[in-house]
Each structure stands twice: as structure tokens, then as C-alpha cells.
Amino acid sequence: MANVNRRVLPGFSLTLGYSIFYLSVLVLFPIVACFVRAASLSFDDFWNAVWTERARAAYLLTFGASFVAAIVNLVLGVLIAWVLVRYNFPGKRLVDSLVDLPLALPTAVGGLVYASLYVESGWLGRFLVPLGIQGAYTRLGIVLVLVFVGLPFMVRTVQPVLEDFDPESEEASASLGASRFQTLLHVIMPALYPAMITGFALAFARSVGEYGSIVFVSGNMPFKTEIAPILIVARLEEFAYGEATAIAVVLLIISFSMLILINLLEGWSRRNAV
Amino acid sequence: MKRSQFIAVLVLGSTALFGCKAQQTSEASSSASAASAPEPPKAPESVTLLNVSYDPTRELWRELNEKFEASYEKETGTKVTIKQSHGGSSTQARAVIDGLEADVVTLASILDTEAISKKGLINAGWVDKLPNRSLPYTSTIVFVVRKGNPKGIKDWPDLVKPGVEIVTPNPKTSGNGYLSFFSAWGSVVVRGGSREEATKFVTQLYKQVPVLDSGARGATTTFVQKKIGDVHLAWENEAQLEVREAKGDLDIVYPPISIRAEPHVAIVDGNVDRKKSRAAAEAYLKYVYTDEGQEIVAKHHYRPSNEAVLKKHAADFPEIKLFAVSEIAKDFFDAHKQFIGEGGVFDSIYKPKK
């Protein structure tokens, strides 16, 4: 018991206590309430509510579109972060703040704007629709708005890591005879992987929960463009709270397992970095 | 020591948590009752009513409120202030169930009013408390088409002609949506068609719906702003506004037959008794039945329940056959369950073919 407090700052018990308390009130309680509500259904009712053909199509779309959007953001977000960190150009501050705009804008507005841009009479639609590219009321439209809502998460996670990245390691790499591509692939990217994975997870999770923008851009056609949250709203309209929460619970479970998986991946990449 | 400390914190944290949970529930109930407790000894010279309604009635109630506030103060000396709340009809019903202190509800359908009643907030038998089955006005579903009606849409069967695109909201999430569905169904069975024919008709109809918006206003935007579709199945009053706003770009078409939509009004007994606002709330709803109230109703394109007033405005309300929901099902509940609910006719339309 020679163990004197080894921490520089005191207060571990207090802060941990508060953390647990706040996390519980803000996150755990609502989730537990969800589970309790869903548990009021019998197993058969639960299963019939969450595992219809239509619901499965909706889950697949929700997670599929979120995944695709997060992949697009992975490329786009790193690119934008790179440009913002490594170069100086007029209007940089403006571009930098533009990145956060999707967070501030009510997503319903985003959805409405996207839909009206990509319909046949819209600014973009009048050129794209003749080419066979339907951006509104299709799955493509859903991915587009999800890229929009997820972008800030990607950029803002990668940006600080890039800012802290020591240029000396690049110089060292170059002086040791590495090509630019080798430097990028073996020196810069490995340092970015953990942040990229975190950004991916955030963008993905954000997309799974998105509702406001999608209802306006998707057209909500069952089996084609109907996302899972729409089913929840449909059940609520019938005052079927139990069934609605049952679907929510399924979404929660799938999301949570995917987030755990991504977290494991992130830990793994952190350990293997450098 | 470190470990024991950690465990202690955990235990402490979780007890705090559960303690708090218990406290929270009791707090919630006590705060609910505190909020509902009448403002200390109720001042009889002023009363505030909350009218919880659905989306398109905004302008109607605004005018009714203004006139009622004036006439009630003149008659009784009590100053009444009416607040309004609007939103999707069943969302509004859920808000009232969850504790929104509505004195009266004026929702789009009996499904929503009855859901509140089932929670005990509105006494059973409320439908017969006010004249004309608590219906100061009714409405229906009509067609809005592009200028000059290029696709020649006059009646329901015209909707399923090849190349016609129909805009109507999702029956699962919108009152306008399921009333459109009931109308389409009734247009077949009320005229003597069989159930199979009706199923075939609605299946074809919904195949020609390019977008299922989640609510009535969304569908209007899709049709008017985004110029999608050839015909919009809309509430009669919304259709009138839509056509007026479009300044000649749209026309209204009355199909020969459509559903009689019944937006009931009701007093939320649980709330008015607690707030001691029953007298004012009753006077408020009864006012809508007066000649003055009915005139306002007609002006906003709702069909007044007073025959004389309806006749007077006959030019605004073309006579079409309005069938009651009882002609296609037992009642609204049965119709919703059969056609819209999980596993109903609407679901089968979208079953992918194997």
C-alpha cells in the first residue's frame, strides 16, 4: 500500500462519478427506456414488427447508404482537410467555416434544397436528368444528403491530426530517398488512419440517425427509398409505440455493434501506426 | 486501494443514478401536477385556452379565435385568450397524450381524437356532446391539375391512365395520405365495384405515384414548386389555396365522388376540469356552430355543417357525392387497419414480385 496518489491532479473519483452520472442521464436512460418499452412486446410481436420484408429493405438501405456516404466522406473529407491545412489561399477562412455549415443548417432544409436542385426542373437536374442521373427521389439522393451531413465530422477529425503532423518526418522520408508517393503511403497515411477511422465512425453514425433531410429527398417509396426511421414514424402515427421502439432498438443494436467494431479497428490501427 | 476506490465510485455512481431515477419519476409527476394546478385562485376575468389542431387549419382558427375572443368578452365580461398549436394531426395527438395542456383539440380525424380519449383525457361519448356529431365542418379530397388539365383528368379512373403521375402523401404518415387512399378505394366500391377491382385500382394508382411525401405540405411543395406529377390529391381547402396562389398555373377538378373527411372537435375533459376552463372551452367550440362561425368556416373552404350556410355558398362547394367511411369499412379504425395498417392493402401494393 505504498501507493501514493500517482496522478498529478487529484479528483479522479469525483470526475469519474460525474462522468458516469451525466452519461447515464443523457445517454443511458433514454436508451434503457427504449429497451424497456420494446420489452413490453411479446417476442412474436417484436419479431413481426422488426423483421418484415419491408423493414429489412429499410435497414439495408439505411446502413448501406450511410456506409457509402461515409466512404465518400473518407476521401472527400481527407482531401478537404489536407487542402485546408497544407495550403494558403485567399478565402481559406471562408472555406474553413463552410465545412461546419451542415452542422448548423437544419437538415430538413438541406434535404429540401437538394431535392429541388436535382429534380428535372432544378438547376442541376436540368443537365443531369437528360443524362440519366436522377439525384432526387432516388437512392443516389439519399447518399448525396448523407455526404452533406457527414462531411464536417470527417474534416474536423482529420484536420487537427494533420496540423500536428511533423513536417520533419516527411523531410526525413524524402532525404532517405522515398518517392512522394511512398512518403504519402508509408509516412503520412499511417499517422492519419486512427483519425480517419474515427471520422468515418462519426459520419456513419450520424447518417444512420438522419431523418429530416432524407424524407424530403428520398420520395419514401417502400422497398426502394424508404429508410428505417420512416418506418418508426409510420408506426408512431398508428400510436403503436411498442412496435416503433422495437424498430428503434434494432437500429440501436446494429449501430452499436458497428461502432464497437469500428472502435476495435481504430485501436488496432493506432497500435500498428508507426 | 485504487481498485477498491474505483469500485466504491462505481457503486456510488450507480446508486446515485437509481436514486435519481426514482426521484425523477416522482419529480416528473409532481411537476406535472404543479404545472396543471390552476393559477392561484383562478381570476374569472381572464382565461387562456389552448387549441391543438392540425396543419392546414391555421388561417381558419386564427380568424375564428379573433372573432370569438371579441364576442365572448362582450357577452360574459371574461377576457379569453386563445393560443393555437399546429402540426401533423397524430403528432399533435401524441403531444396531448404526453401532457400538452390542450383545452380543445380540433384534429384531422377521429383516429387521433379517439387515441386521446383512450388515455382518459377525453370522456367517452364525446362525439355526441356537440351538435352534428362534433363536426362543425367537414372536408374532402379533390384533384389539383396543371393549367388547362392537359391530361384530361375528370374522375378517379382517369388517374390510372398510362402516363399520368399522381402526387399524394404517404398514407402511413399522413392524414391527407390515407384519406386519398380511402377516396380512391371508395370510388370503386361505392359505385358497385368489387374488392378485387378496388385492390387492382389502388395498386395501379400507387404505382403511378412517383414520390410519397411524409405530409400534406411536403406533397404540395413537390407538386407546385418541383413541378412533379400531373395531379395532386389534396384537401379541398388546401386545393383552393394552392390554385389561388398559383395564379392561373393550376386548376381544381372536382371528381364526381370522394370521401367525406370528418375533422371532429372535442373538449379535453381532463385538462379543462383541472384548469377550470370548461365554460370558456365549451363556448369556444359552440361558437364555431353559430352563423358567424359557419360563415368563417365557409370562407376558409371548409364545408359548413349548417345546411343554410352551405347552401348560401353552394358556388364554392360544388355538389359531389361525398361517401362516409362507413360505406367502405365499419368505421375509420377498421378502414385504417384494413387498408393502411401493417400488413394491410397498402403494404401489399409494394410487395416486390418474386
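Residues numbered from 1 in each chain as written. Chains lettered and ligands numbered in written order. Predicted model: local features only at pLDDT ≥ 70, side-chain atom pairs only at ≥ 80, totals over all residues.

### What to know about the overall build of chain A
Our working definition: In DSSP terms, a helix is any run of H or I states spanning at least four residues, a strand is any run of E spanning at least two, and both are numbered starting from the N terminus. Any residue with 12 or fewer other C-beta atoms within 10 Å of its own C-beta is exposed, any with 20 or more is buried, and the rest are partly exposed; the C-beta atoms used are placed from the backbone. C-beta atoms are first placed from the backbone for all residues, and any pair lying within 7 Å is then listed as a contact.
On a plain count of helices and strands, chain A comes out with 13 helices and 0 strands. Reading the helices (α) and strands (β) of chain A from amino to carboxyl end gives α-α-α-α-α-α-α-α-α-α-α-α-α. Taking the principal axes of its C-alpha atoms as reference, chain A extends roughly 70 × 65 × 30 Å. Taken across its 274 residues, chain A has 35% of its residues classed as buried. Within chain A, residue pairs in contact and separated by at least 24 positions form 77% of the contacts whose partners lie at least 6 positions apart.

### Looking at the nonpolar core
Just so we agree on the cut-off: We define the nonpolar core as any set of buried residues of the types Ala, Val, Leu, Ile, Met, Phe, Trp, Tyr and Cys, connected via C-beta atoms lying within 7 Å of each other.
Residues Val104(B), Phe182(B) and Val268(B) are the most contacted members of the largest nonpolar core, which totals 146 residues. Not counting residues up to four positions away in its chain, the partners in contact with Val104(B) are Leu49(B), Asn51(B), Val265(B), Ala266(B), Ile267(B), Val268(B), Ala281(B), Tyr284(B) and Leu285(B).

### Some points on the packing of helix 6 (residues 175–189) of chain B against helix 7 (residues 195–207) of chain B
All names here are of chain B. This is how it is decided: Every axis corresponds to a line fitted to the C-alpha atoms, with the helix fit spanning only the stretch in contact, and the corresponding angles, defined between N-to-C directions, vary from 0 to 180 degrees. For classification, angles of less than 35 degrees are called roughly parallel, those exceeding 145 degrees roughly antiparallel, those between 65 and 115 degrees roughly perpendicular, and all remaining angles oblique. By definition, turning the near helix anticlockwise from the far helix through less than a right angle yields a left-handed crossing, and turning it clockwise yields a right-handed one. Classes in brief: Ala, Val, Leu, Ile, Met, Phe, Trp, Tyr, Cys and Pro nonpolar; Asp, Glu, Lys and Arg charged; the others, Gly included, polar.
Where helix 6 contacts helix 7, the two axes come as close as 9 Å, and the packing angle between them is 140°. On the basis of their axis angle, the class for helix 6 and helix 7 is oblique. Note on packing geometry: the crossing formed by helix 6 with helix 7 is right-handed. Here Phe 181, Ala 184, Trp 185, Val 188 and Val 189 of helix 6 come into contact with helix 7, specifically with Arg 195, Glu 197, Ala 198, Phe 201, Val 202 and Leu 205. Its residues assigned to classes, the contact of helix 6 with helix 7 shows 9 nonpolar, no polar and 2 charged.

### Overview of the domain arrangement of chain B
Residues and elements named next belong to chain B. Definition in use: Source of the domain bounds: an automatic or database domain assignment.
The domains assigned to chain B are domain 1 (46–138 + 263–312) and domain 2 (141–259 + 324–349). Each of domain 1 and domain 2 has a C-alpha centre, and the two are 27 Å apart. Contacts between domain 1 and domain 2 engage 12 residues on the former and 12 residues on the latter.

### Looking at the packing of helix 3 (residues 53–86) of chain A against helix 10 (residues 180–208) of chain A
All names here are of chain A. Here helix 3 crosses helix 10 at 140°, and the two axes come no closer than 8 Å. Considering the angle they form, helix 3 stands oblique to helix 10. Helix-helix and strand crossings are classified by hand; for helix 3 and helix 10 the assignment is right-handed. Facing helix 3, whose interface residues are Thr 62, Phe 63, Ser 66, Phe 67, Ala 69, Ala 70, Asn 73, Leu 74, Gly 77 and Val 78, helix 10 presents Leu 192, Met 196, Gly 199, Phe 200, Ala 203, Phe 204, Ser 207 and Val 208. Along the lines of polarity and charge, the residues of the contact of helix 3 with helix 10 split into 12 nonpolar, 6 polar and no charged.

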